[in-house]
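Observations on the model geometry
Listed below are the residues making up each chain.
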Amino acid sequence: MNIPKTSFPRIVIIGGGFAGIALAKKLSKQEVQVVLLDKNNYHTFQPLIYQVSTGGLEPDSIAYPIRKILKDFPNFHFRLANVEEIDTKNNKVTTNIGELKFDYLVVASGSTTNFFGNSKIEKHSMAMKTIPQSLNLRSLILENFEDAILTSDLNERKALMNFVIVGGGPTGVELAGALAEIKKGILPKDYPDLDTRRAQINVIQSGNCLLKGMSPEASQKAEDFLEKLGVHIWKNVRVTNYDGKTVTTNTDLTFETATVVWAAGVKGATIKGLDAEDFVTRGNRLAVNEFNQIKGFNHIFAIGDVACMTTEECPHGLPMMAQPAIQQGEQLGNNILKLIEKQPLKPFAYKDKGTMATIGRNKAVVDLKRYKFQGAFAWYVWMFVHLFFLIGFRNRMVVFVNWVHNYIRFDREARLIIRPFKKNHKV
């Protein structure tokens, strides 16, 4: 890997997501050598990935080069690498570009889409966890309408314009709202020779409410917003199969559709060497203690989505969101320095800063510790928070200008088929 030798302790971080970047920043000016490994050379702002899928933003608006984030930090090294195995006995990681020894290891590999073992659903549905996946979905959505114009088969046309989103969490709700606004404001102008009123957006939720984990007020208001936008919501329905044409469920309901977006859950992205039952717990996440140490080690840690830290408030682990990841990264940076100096570690305490989701233009729900509000004001708060946490002045300005333009013109100009998507192609 051509990492220079040093007398400083070497800290290897696997993953350039919210947790990994927060940790690297915390250690940036300390007397340690930091090596960050990631299969992409950019950090992705995950909360806005659905806007790439629906043509609201281009991918470079929510991605930022990792090297640029940490370019001014001494003793920092980034390598574009896919980590294949962790050797805990010899303190080294094996990657597709070679091996690397470590003094301290932090697994911040994030999460992947959880298909719950259903290979057919995994094969035929669309995931939306990465930028390449979001571009594939954008192409497929647009290609479906292009195909709908060409076909004279009414059943085929209906299936091409029927969208099924599995999962009623923030991802599913935000995607459904964006698609509903496209149907209302953009499709009639782009496809005047197609009866786009027949396009349907369906959200299938296995539980009895949307946005589980948020307040009942937020859940009900989100449902009201979606229904006013014309979205069909199916609660207490579980998808059992999808063969590329027909969605079957545990009820009598079936859906003929060419597009299923799977937003029903995620699981930890564990790595060989730390994927045994001794380390992995619920949701395929690595069980960690209050210092983010993996069981049996005092120099190997896990943070972010891949880490499962249980508390009284979160018996199944902290939520797999940006804020816990950022806070864990910052706290672990302090603790590793304490560990090097042989000082007592400070236990992690999650500060819940609230949850929010947007459903569309002037429609959002926000749950803060003391206040809960919905509607236009919540939408402005959602926009401000997301702009604030975007990395890079350019990205903030580009996203802000895009949002203002989309708001005034009721448009989404990034609806481009840059690379045609074929369903048998998976990223």
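Residues numbered from 1 in each chain as written. Predicted model: local features only at pLDDT ≥ 70, side-chain atom pairs only at ≥ 80, totals over all residues. Heavy atoms only, no water.

Okay, unusual backbone geometry next. Of note in this structure, Leu-211 is not a glycine but carries a positive phi near 50°. Examined against the element boundaries, Leu-211 turns out to sit in the loop between strand S12 (200–205) and helix H9 (216–228). Phi at Asn-292 takes a positive value of approximately 70°, unusual for a residue other than glycine. Mapped onto the fold, Asn-292 is located in the loop between strand S20 (285–287) and strand S21 (300–302). (Helix = DSSP H or I, 4+ residues; strand = E, 2+ residues; numbered from the N terminus.)

What follows is about the state of the cysteines. As enumerated under the stated definition, the model contains 0 disulfides in all. Not part of a disulfide, Cys-209 finds its nearest cysteine sulfur in Cys-314, a span of 17 Å. Cysteine Cys-308 remains unbridged, with the sulfur of Cys-314 as its closest cysteine sulfur at 9.8 Å. (Disulfide = S-S within 2.5 Å.)

So, about the packing of helix H11 (residues 376–389) against helix H12 (residues 393–409). Working note: a packed helix pair is described by the angle between its axes plus the distance between those axes. Close contact between H11 and H12 brings their axes to 9 Å; oriented N to C, the two are set at 155°. By the criterion of interaxial angle, the relationship of H11 to H12 is roughly antiparallel. The interaxial crossing formed by H11 with H12 has right-handed handedness. When H11 is examined against H12, the residues Trp-379, Tyr-380, Trp-382, Met-383, His-386, Leu-387 and Phe-388 are found in contact with a partner set consisting of Arg-396, Val-399, Phe-400, Trp-403 and Tyr-407. Within the contact of H11 with H12, the residues separate by chemical class into 10 nonpolar, 1 polar and 1 charged. (Axes fitted to C-alpha atoms, helices over the stretch in contact; angles between N-to-C directions. Parallel < 35°, antiparallel > 145°, perpendicular 65-115°, else oblique. Left-handed = near helix turned anticlockwise from the far one by under 90°. Contact = heavy atoms within 4.5 Å. Nonpolar A, V, L, I, M, F, W, Y, C, P; charged D, E, K, R; others polar.)

In terms of burial, strand S5 (residues 76–80) is a largely internal element, 4 of the 5 residues being buried. Pairing of strand S2 (residues 33–38) with S5, which is carried by 5 bridges, proceeds in the parallel orientation. By the bridge assignment for S5, Asp-38 is matched with Leu-80. (Buried < 20%, exposed > 50% of the residue type's maximum accessible area, 1.4 Å probe, protein only. Pairing = 2+ DSSP bridges.)

Attention now moves to the environment of Pro-420. Counting through the fold element by element, Pro-420 comes out in the segment after H12. Pro-420 sits in the exposed class, given a relative accessible area of 59%. When the C-alpha atoms of Pro-420 and Ala-176 are compared, they prove to be 22 Å apart, with 244 residues separating the residues in sequence.

Don't take any of this as a statement about function, it's just geometry.
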